[in-house]
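Coordinate analysis (summary)
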Amino acid sequence: MKHFTRVLAAGALLAMAGGASAQAQGTLKVGVEVPTTGSEATYGQDMYNAAAIARDEINAHGGVLGKKIQLIVGDDACDPQQAVNAASKLVSQKVVAVVGGYCSGATVPVLKIYGDAHIPFVITAANSTALIPANPGNAFLINSTGDQQAITAVKFFQHKKIKTLAIVNEGDAYSQNLADLMRTAWQKAGGKVVDFETVNKGEQDYSSVVTAIDAKHPDAVFWTAYYADGGLLIRQLRQSGYQGMIAVGDGSNSVKLFDIAGKAAEGVYAFSNPIAQFLPAAKSFIATYKKEYKAEPGPYAPLTYDGMQLLVWAMKKAGTTNAAAVEKALASANGVHWLTGPIAFTKKNTLARSNFVVLEGKNGAWIAAK
Amino acid sequence: MSLSVIIAHQLVNGLVLGSFYALVALGYTMIFGVIKLLNFAHGDLYMVGGFVGFLALSAISGVVGSGWGGIFLAMLLSMIGVGCLGVLIERIAYHPMLHAPRLSILITALAVSLVLQNAVLALTGGQYTAFHTDLGFGGIHLGPIFISYNQMVLVATAAGLMVALEFFVTHTQYGRAMRAVAIDHDMCRLMGIDVSAIIGVTFFVGTALAAAAGTMAGAYYGSLWYFMGFLIGLKAFTAAVIGGIGSIPGAMLGGLILGLLESFGTQIPGIGSAWKDVFAFAVLILVLVLKPTGLLGKSEQERM
């Protein structure tokens, strides 16, 4: 074990030395850890594209600390084991920092590797609360975690003058967790949860739950699970004559919801991660992305772009690529914002605000809600 | 909403749900009646019925529209098509196994279930298919109770199919033969009944009923996916057992009872919807403990 730490320490020294030699060549190597193969490859490629746009913009403006940025991709394939290999490879290639991290499961095991090698890590998509205790202190999460969705939802419901709420989940870990978080947050805010229901996944008929909800006359119904069954529930709620508000969590923000629920999904609200098309600041980013890659930017592109910009901002502020100084600068980030809004961190290095946006169903598509 | 209104609403919900359970349970019970097989692929034939009905409606909706008229026609086509599939499955997978140990044919049924599920999974890529129709949200208000036209049509159709089945079983030559086969294969053969053909007819009718339920469910709820038959298959099996497996009126009764139990299980004060299945299946255990043959099941040999 002692030997192992020594090897890692040597690796860290090498990494620093690499930074020094990179300075001589006039480039800074930044690792991008995303899945570019496997089931999540489209998301990973999309995140890499966004990082590349940020790199081009930064280099066009003279780079950072007089050097140009060079991106090195580490493919974690959304697999914990492959993620460890990819991280070790990035460390051995002497990157000065890493951005990325899409799958939480593949991101948790690399935290220690970057921590031991003293490499700052800006996590731009992965947002499981499991990342928080595993963080040695060098990682910064710029995507909101689940508990923050509840905060966004509470604020939105209060804004819409909602007094009573019915919460429906599907009994699985994700939706039950969100439902519990929501119930606690809503009651803390002084709201009333008049109904708390659980339905079975894949059960087509939700009429008995719909009747139970109708009987309590809630101002709003909040569905915390996925779009397929959510579409059925929304349809059955409207069929039964329920006229209050319906809101859904980020598991249901797919446009497929409109396919299944049809007209019933008009006016439904959804809470979602910051998607480029709903970010006022992202107009030119979308244009650049479309020009470069002939496609719409995916859901985590703006966050990854921001991750790169934030990192460069921190290096400039620190005046060095020294890990401790960059981490200190990152932790002090306050109110810096690019596409997804202001970035500041809590003591646990998580985003200090909820970055969830509220969407509204209109003519079979999502638009930004007012 | 007062308690009596809630009860009335849940009664309607239970009737609709129970109609689906009953239609699927009928196939279970008929097939068990003639060859003593628990056809675990039955729920998946319901699912295939939904998809075939969807394809049929897509093909004919240009001519007949996709209101209830079009859906009925699509349902009929699906019943014929999937009924034939049921017969084909019986000929290929079950027929050679009729004299094998009971366990072998049961496992064959599980295999058929997996084959159907995975075939549809591969064809649809695991995606949900939206079943678009022109069905409106209209209905009638009986005082404070709202019943949609769709619910009425659904229950009426299911009731119509069950009456037709009852007539078929009790008043036609094939129905009489089917009841006879349920009692004794060898004796039927001695009497000149083509047992093998009657088993085929039973599979056709049973599967067609599941296909009818699948098409109606797809149109009513508005979506289809490859796994939709699993849960309803399980519930329909439960309904058949509650009513007395092998008994046709028992399957109808069992389906309605299970539908009502689930609806009211959501409403019991103090326990929420998370417990409704616990409630419904606890009743199943109770029925089996007190009356192992089911509510309308007979202890003697006759099982149709």
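Residues numbered from 1 in each chain as written. Chains lettered and ligands numbered in written order. Predicted model: local features only at pLDDT ≥ 70, side-chain atom pairs only at ≥ 80, totals over all residues. Heavy atoms only, no water.

1. Remarks on the interface of chain B and chain A
Contacts between chain B and chain A engage 32 residues on the former and 28 residues on the latter. Where chain B packs against chain A, one counts two salt bridges. With its nearest N and O atoms 2.8 Å apart, the salt bridge here joins Lys276(B) to Glu203(A). The interface formed by chain B and chain A holds 12 residue pairs in polar contact (both at pLDDT 80 or more) in total. Elements that contribute at least two residues to the side of chain B that touches chain A include exactly α1 (3–35), α8 (195–221), α9 (228–243), α10 (248–265) and α11 (276–290) of chain B. In terms of residue count, α1(B) provides more of the side of chain B that touches chain A than any other element does, six residues in total. In terms of residue class, the side of chain B that touches chain A is made up of 16 nonpolar, 12 polar and four charged. (Contact = heavy atoms within 4.5 Å. Salt bridge = Lys/Arg side-chain N within 4 Å of Asp/Glu carboxyl O. Polar contact = N/O pair within 3.5 Å; in protein donor to acceptor, adjacent residues only side chain to side chain. Helix = DSSP H or I, 4+ residues; strand = E, 2+ residues; numbered from the N terminus. Nonpolar A, V, L, I, M, F, W, Y, C, P; charged D, E, K, R; others polar.)

2. Focus on a nonpolar patch on the surface
Residue and element names in this part refer to chain B. A contiguous nonpolar surface patch, about 370 Å² in accessible area, is contributed by Val63, Val64, Leu73 and Leu76. Elements represented by at least two residues in the nonpolar patch include exactly α2 (42–64) and α3 (68–94). Following the sequence through the fold, Val63 ends up in helix α2. Judged by relative accessible area, Val63 falls into the exposed class, the value being 75%. (Patch = residues over 30% accessible without salt bridge, like charges linked within 9 Å, V, L, I, M, F, W, Y side chains within 5 Å. Areas by Shrake-Rupley, 256 points an atom, 1.4 Å probe, with all protein chains shown as cover. Buried < 20%, exposed > 50% of the residue type's maximum accessible area, 1.4 Å probe, protein only.)

3. Comments concerning the sheet that holds strand β2 (residues 68–75) of chain A
Residues and elements named next belong to chain A. Across the sheet, five strands lie side by side as β2-β1-β3-β4-β5; this open sheet has parallel pairing. Pairing within the sheet leaves two strands with one partner each, and these edge strands are β2 and β5 (139–141). Neighbour-to-neighbour, the strand axes of the sheet open up by a mean angle of 25°, direction not taken into account. Inspection of the sheet shows strand β4 (residues 121–123) paired to β5 by three bridges, in the parallel sense. Across the sheet, the residue bridging to Phe121 is Ala139, located in β5. (Pairing = 2+ DSSP bridges. Axes fitted to C-alpha atoms, helices over the stretch in contact; angles between N-to-C directions.)

4. Description of the domain arrangement of chain A
One can read the domain layout of chain A as domain 1 (2–144 + 279–343) and domain 2 (147–272). One C-alpha centre belongs to domain 1 of chain A, the other to domain 2 of chain A, and the line joining them spans 35 Å. (Domains from an automatic or database assignment.)

5. With respect to the packing of α3(B) against helix α4 (residues 102–124) of chain B
Residue and element names in this part refer to chain B. It is the contact of α3 with α4, at a shortest axis distance of 11 Å, that shows an interaxial angle of 130°. With respect to α4, the axis of α3 lies oblique. Relative to α4, α3 is oriented so that their crossing is right-handed. For the pair α3 and α4, the contacting residues are Leu85, Ile89, Ala93 and Tyr94 in the first and Ile105, Thr108, Ala109, Val112 and Leu116 in the second. Among the residues making up the contact of α3 with α4, the classes are represented as eight nonpolar, one polar and no charged. (Parallel < 35°, antiparallel > 145°, perpendicular 65-115°, else oblique. Left-handed = near helix turned anticlockwise from the far one by under 90°.)

6. Considering the sheet that holds strand β7 (residues 192–198) of chain A
Residue and element names in this part refer to chain A. Spatially, the seven strands line up as an open sheet ordered β7-β6-β8-β9-β10-β13-β14, and their pairing is mixed. Strand pairing shows two members of the sheet lacking a second neighbour, β7 and β14 (365–368), which therefore form its edges. Taken over all neighbouring pairs, the strand axes of this sheet differ in orientation by 25° on average, direction set aside. Both strand β13 (residues 357–362) and β14 contribute to a ladder of four bridges, which runs antiparallel. Bridge pairing in β14 places Leu359 opposite Ala368. This element, helix α8 (residues 173–188), spans β6 (164–169), β7 and β8 (220–223) of the sheet and lies at about 165° to β6. Each of β6, β7 and β8 touches helix α9 (residues 207–216); the most contacted strand, β7, lies at about 175° to it.

7. Description of the pattern of salt bridges
With the rule as written, the count across this model stands at 13 salt bridges over all chains. The partner of Arg189(B) in a salt bridge is Asp186(B), and the shortest N-O contact between them spans 3.1 Å. On the criterion of helical spacing, the pair formed by Arg189(B) and Asp186(B) is a turn pair, its members being three residues apart in helix α7 (residues 185–190). The exposure class assigned to Arg189(B) is partly exposed, which follows from its relative accessible area of 45%. One network of salt bridges, with partners in common, ties together Glu203(A), Lys235(B), Glu262(B), Lys276(B) and Asp277(B).

8. Quick notes on the state of the cysteines
Simply put, the disulfide is a covalent bond whose two ends are the sulfur atoms of two cysteines. Residues and elements named next belong to chain A. Applying the stated criterion across every chain yields a total of one disulfide over all chains. The partner cysteine of Cys78 in its disulfide is Cys103, sulfur to sulfur 1.9 Å. Sign of the S-S torsion, about -110° for the bond between Cys78 and Cys103, identifies this disulfide as left-handed. With Cys78 in the loop between β2 and α3 (80–92) and Cys103 in the loop between β3 (97–100) and α4 (104–107), this pair connects stretches of sequence that are 25 residues apart. Assessed through its relative accessible area of 26%, Cys78 is described here as partly exposed. (Disulfide = S-S within 2.5 Å.)

9. As for the side chain of Gln149(A)
Checked against the element boundaries, Gln149(A) lands in helix α7 (residues 146–159). Within the structure, Gln149(A) has its side chain in polar contact with the backbone nitrogen of Asp250(A) (distance 3.0 Å).

10. Notes on the packing of aromatic side chains
In this description, an aromatic ring pair is defined by two values, namely the gap between the centres and the angle between the planes. Summed over all chains, the structure comprises 29 aromatic pairs over all chains. Ring geometry for Phe156(A) versus Phe157(A): centroids 6.2 Å apart, planes at 55°, classification tilted. Grouping residues by exposure puts Phe156(A) and Phe157(A) together as buried. With a centroid separation of 6.2 Å and an interplanar angle of 70°, the aromatic rings of Tyr227(A) and Tyr128(B) are classed as edge-to-face. Residue Tyr227(A) is located in helix α10 (residues 227–239), and its partner Tyr128(B) is located in the loop between α4 and β1 (129–130); the two belong to separate chains. (Phe/Tyr/Trp six-rings, centres within 6.5 Å; stacked < 30°, edge-to-face > 60°.)

11. Focus: the pairing of β8(A)
Residues and elements named next belong to chain A. Burial along β8 is two-sided: Ala220 and Phe222 facing one way and Val221 and Trp223 facing the other are all buried. Relative to β8, β6 runs parallel, the two sharing four bridges. Bridged to Val168 within β8 is Trp223. Where β8 meets strand β9 (residues 245–248), four bridges bridge the pair, whose relative direction is parallel. What sits directly across from Trp223, in β9, is Val248.

12. So, the side chain of Thr198(A)
By the element assignment, Thr198(A) lies in strand β7. Taking the relative accessible area as the measure of exposure, Thr198(A) reaches 15% and is therefore buried. Apart from residues no more than four positions distant in its own chain, Thr198(A) is found in contact with Asn169(A), Glu170(A), Gly171(A), Ser273(B) and Ala274(B).

13. Notes on the nonpolar core
Trp366(A), Phe20(B) and Tyr94(B) are the most contacted members of the largest nonpolar core, which has 121 residues in total. No other element matches the 16 residues that α8(B) contributes to this core. When near neighbours in sequence (up to four residues on either side) are disregarded, Phe20(B) contacts Leu154(B), Ala213(B), Met216(B), Ala217(B), Tyr220(B), Tyr221(B) and Ile232(B). Formed by 69 residues, the second largest nonpolar core is a distinct cluster that contains Ala87(A), Phe121(A), Ala125(A) and Leu141(A). (Core = buried A, V, L, I, M, F, W, Y, C linked by side-chain atoms within 4.5 Å.)

14. Notes on the pairing of strand β3 (residues 145–148) of chain B
Residue and element names in this part refer to chain B. Residues Ile145 and Ile147 of β3 are buried on one face, and the alternating residues Phe146 and Ser148, pointing to the opposite face, are buried as well. Here strand β2 (residues 139–142) runs beside β3; their pairing, made up of four bridges, is antiparallel. Across the sheet, the residue bridging to His141 is Phe146, located in β3. Adjacent in sequence and paired antiparallel, β2 and β3 are bridged by two residues, among which Gly143 carries a positive phi angle near 65°.

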